Amino acid sequence: ALVARTRPEAAPALRRLVETFAADQRHRDVYWGDGVAALGHAALALARLDPDAAPTLRRYGALIDGEHEWFYTKEVLPAFFKTHGWTDGAITLGIHEMLYNGGVAFETMSTIWSQWGMGKAVEAAMTPEAFAARIAAELATDPYADHTMDEFRSRFRNRSAWVKACLAALPKAAPRPKA
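All residue numbers refer to positions counted from 1 along the written sequence of the respective chain. The predicted origin of the model limits local features to residues at a pLDDT of at least 70 and limits the giving and counting of side-chain atom pairs to 80 or more, whereas totals for whole chains, interfaces and linings rest on all residues. For the side-chain quantities, the full set of heavy atoms in the structure was used; hydrogens and water were omitted.

## Overview of the overall build of the chain
Working step 1: Counting from the N terminus, the helices are DSSP H or I runs at least four residues long and the strands are E runs at least two residues long. Scanning the chain from terminus to terminus reveals ten helices and two strands.
Working step 2: In the chain, the succession of α and β elements from N to C terminus is α-α-β-β-α-α-α-α-α-α-α-α.
Working step 3: Exposure is judged per residue with a 1.4 Å probe applied to protein chains only, and the accessible area is read against the type maximum: over 50% gives exposed, under 20% gives buried, and values in between give partly exposed. For the chain, with 179 residues in total, the buried portion stands at 41%.
Working step 4: In this description, contact between two residues means that some pair of their heavy atoms is separated by no more than 4.5 Å. Taking the contacts inside the chain whose residues are at least 6 apart along the sequence as the reference set, 71% of them involve residues at least 24 apart.
Working step 5: Summing over all exposed atoms, the chain offers an accessible surface of approximately 10100 Å²; the carbon and sulfur share of this is 58%. Reported accessibility uses the Shrake-Rupley method at a 1.4 Å probe radius. Residues are deemed covered only where the shown protein chains occlude them.

Structure below.
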């Protein structure tokens, strides 16, 4: 928090540091302390400083072990969304986190969708069809594509339930005039 308050010019250096850390799979199980990855506090400062940090945070979040590292989902993500709002990049990050990291990290998918305000932001920013297209695009980049069929079935059931719940929460699209 001190860096974010007193040294905003540190954002580019923090971004390079977090990117370098996230690029090396050997860092997956390197911890600063209980439940905090080695660069958890650097990621938090970056989240507070840089409104364009979503892609970097996504790569960082994909590296860490969400079952053991709670700091990213409990501190880093909320700080980013609260500080910078639900920009287009933030919505993309939110979709990714709910699809790939949400099952373990969040008590329920409603943490991001309802409590953090993503649902209202999506409703204001796009149609249900556009949101469904964004989800489909994210699923096409599935980082778990090489996992076993049992893992796929489990993730697919979780994703399907989440997508159905989110789409049901959005207002129905206005009927289209017949051509």
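Further notes follow.
## Observations concerning the pattern of salt bridges
Any two side chains of opposite charge can pair, on the condition that their charged atoms come close.
Working step 1: What counts as a salt bridge is simple: a side-chain nitrogen of Lys or Arg found within 4 Å of a carboxyl oxygen of Asp or Glu. One pass over the structure, following the stated rule, counts four salt bridges.
Working step 2: For E138, the salt bridge identified is with R58, shortest N-O distance 2.6 Å. One end of the pair, E138, is in helix α9 (residues 128–139); the other, R58, is in helix α4 (residues 54–63), and 80 residues separate them in sequence.
Working step 3: The exposure class of R58 is partly exposed, given its relative accessible area of 23%.
Working step 4: Here D88 ties to R134 by a salt bridge, and the two come within 2.8 Å at their closest N and O atoms. A residue pair is termed long-range when its members are at least 10 positions apart, and D88 in helix α6 (residues 88–105) and R134 in helix α9 qualify at 46 residues.
Working step 5: In this structure D88 comes out as exposed when scored by relative accessible area, which is 52%.

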